[in-house]
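Survey of secondary and tertiary structure
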Amino acid sequence: MFLARKELWFSKKRFFLIGFIIVLITWLVFMLSGLGNGLSDLGTAVIRYSDMDLAVFEEEAEFTLGKSTLPESVVEEVAQLDGVDEAAGIATAAGAILHGASVDEETGKKTSVLFVGVEPGSFLEPTVTSGEVLDTKSPNRVLVDSSLINEGFELGDTITLSGVGTEYEIGGFVENKTLNHMPAIFVTLDTLREFKYLVPGSDMGIEKPISAIFLKGKNLDAEQMTSAIGGIEVANKKETLNGVPGYSAESGTINLMLWLLIFISAFVIAVFFYVLTTQKVHQFGVMKAIGASNAFVIRSVVSQVFLLSTISILIGVGLTYLMTLILPEGMPFNLLPEMVIIYSLVLLATSLIGSLFSIRSIIKIDPITALGRVE
C-alpha cells in the first residue's frame, strides 16, 4: 500500500486522468440508476413501497389491478388462512381532476390522476406528511401525492372529479405515491365505488367490488390459498409489480443499460491498467532484481487500483448527490441508498477484476531482460 500511494502521488497527472474517467463512469451509473428508480416509482410506487407480501387477484387477471375485480367479502376469507397477519382490499380507478369547486369542464385545467381506494386504518393507508388521515366519517376528504403541490394544489383545496362533478377536499399529502405514471389520490373504498361503478351494471353484479387484496404475513402459501378459495390467483410483490403495464419493459431497459455500462467500464479500466503495467516493465524488473516477489508486485498494483477506484467512486457518488440539488422538480429521480452501496461495490469489484488482466504480464517479467530494455 505504501508503494502504491507513493506512485500515485509521483505520477499524479497520469493517474488523475484515469481517475477522472472512473469518476465519469460512476457518475453516469448513479445518474442512470436514480433516473431508472424514479421512472419505476412513477409507475409502481404505491405497490413498490407497500408492506404487502402477497396479492390476491381475480383469476386470469394477469396480476393487474385494472383487470381484476373481486367481492370485498373475499378479504375476510383470505384473512382466515394460515400465515396471514393482515389482509386489506385495494381498488383503483383512473380519472381527471379540476382544481377548485364547480370548475367549468371546458375551460378548467385537468390533471390526470389515479384514485386508490383503501380501508382507513389498514396497512395500505399511506403515512401522511401533512394534514389528516382518511376517515369514513369524512368520505370526501382525500389524501393526494405531494407531486401535485408543484401544480398549485394546497392543503384544504377543493378538487372536482371531471365528468362526474363530485367535489373532494384535500385533507392531507403523502410522499412518493404514484401508480401508472400518475399521482395517486387515496380515498376510502366506498368513496371510490360511488364514481367507479356509477353506471348501472358496471359492477357486474359483484357486491362491494374491489380490485385486489394485499396480504401481510409469514410463511404464506400461494398454492394453498388458490386451492382454498376458488376464482383467485396469488402473486408475490415482484409478480405484482410486473403486472403493472409497461413496468417490465421499462425496468428491463434501464437495467440492461446499467449493466452494459458497468461491463464496458470494467473493460476500459482493465485496458488502462494493462497499458500502465506494460509501461512499467523496467521498474518491475528492478523490483524483482532486488528481491521483490511476484506477490509483492501484484499486491502493489492491486492496492493502487483499489485506492484510485475507491477515491474516484466516492467522488462520483458525491457529484451525483450534488446533481440532485439542481435537477428540475418534475424530473423523476430517486437514488436509493442501498443501490448506491451495491453499485459502488460492483464498480470497485469490476475495477479490481479488470486490474487482474495485467497480473500475467507481471509474472512473465524477466528481471534480466527488463533491466536490459531501453525505456
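Data block above holds the structure.
Scoring rules and cut-offs
- Residues numbered from 1 in each chain as written.
- Predicted model: local features only at pLDDT ≥ 70, side-chain atom pairs only at ≥ 80, totals over all residues.
- Heavy atoms only, no water.
- Helix = DSSP H or I, 4+ residues; strand = E, 2+ residues; numbered from the N terminus.
- Buried < 20%, exposed > 50% of the residue type's maximum accessible area, 1.4 Å probe, protein only.
- Contact = heavy atoms within 4.5 Å.
- Areas by Shrake-Rupley, 256 points an atom, 1.4 Å probe, with all protein chains shown as cover.
- Pairing = 2+ DSSP bridges.
- Phe/Tyr/Trp six-rings, centres within 6.5 Å; stacked < 30°, edge-to-face > 60°.
- Lys, Arg positive; Asp, Glu negative; His and termini not counted.
- Salt bridge = Lys/Arg side-chain N within 4 Å of Asp/Glu carboxyl O.
- Polar contact = N/O pair within 3.5 Å; in protein donor to acceptor, adjacent residues only side chain to side chain.
- Expected span 1.5 Å × (residues − 1).

The next thing to look at is the overall build of the protein. Within the protein, the secondary structure is distributed over 12 helices and 13 strands. Within the protein, the fraction of its 375 residues that count as buried is 48%. For the protein, the share of sequence-separated contacts (at least 6 apart) that also reach a separation of at least 24 residues comes to 80%. Working note: accessible area of the protein is about 18,800 Å², and carbon and sulfur atoms make up 61% of it.

The side chains of a regular strand alternate, first on one face of the sheet and then on the other. Summarising burial for strand E12 (residues 212–217): 5 of the 6 residues are buried, a large majority. Strand direction decides the pairing type here: strand E1 (residues 54–58) and E12, joined by 3 bridges, are antiparallel. Across the sheet, the residue bridging to Leu54 is Leu215, located in E12. Taken together, the 6 bridges between strand E3 (residues 84–99) and E12 define a ladder with antiparallel strand orientation. Among the inter-strand pairings, Ile90 is bridged to a residue of E12, identified as Ala212.

Each aromatic ring pair is specified by the distance between its two centres and by the angle formed by the two planes. For the coordinates displayed, the defined rule picks out 4 aromatic pairs. Judged by centre distance (6.3 Å) and plane angle (50 degrees), the rings of Phe115 and Tyr168 are tilted. With Phe115 in strand E4 (residues 110–118) and Tyr168 in strand E8 (residues 167–174), this residue pair connects regions lying 53 residues apart in the sequence. Each member of the pair Phe115 and Tyr168 is classed as buried. Of the aromatic side chains, those joined through ring pairs into one cluster are Phe115, Tyr168 and Phe195.

Its place among the elements puts Asp157 in the loop between strand E6 (141–145) and strand E7 (158–161). Despite its burial, Asp157 pairs with no opposite charge, the nearest such side chain being Lys109 at 13 Å. At 2.8 Å, the side chain of Asp157 and the backbone nitrogen of Glu154 are in polar contact. In this structure Asp157 touches His99, Gly152, Tyr168, Glu169 and Ile170, once residues within four positions along its chain are discounted.

Next up on the list: the environment of Ile159. With respect to the helices, strands and loops of the structure, Ile159 is situated in strand E7. Considering only alpha carbons, one finds Ile159 and Ala101, 58 residues apart in sequence, at a separation of 6.3 Å. When sequence neighbours within four positions are dropped, the list of residues in contact with Ile159 reads Ile97, Leu98, Gly100, Val142, Phe153, Thr166, Glu167, Tyr168, Ile170 and Ile185.

For helix H10 (residues 337–355), built from 19 residues, the straight-helix expectation of 27 Å at 1.5 Å per residue is met to within 8% by its first-to-last C-alpha distance of 27 Å. Those residues of H10 lying buried are Val340, Tyr343, Ser344, Val346, Leu347, Leu348, Thr350, Ser351, Gly354 and Ser355.

In short, the description is geometric, and any link to function would need to be established separately.
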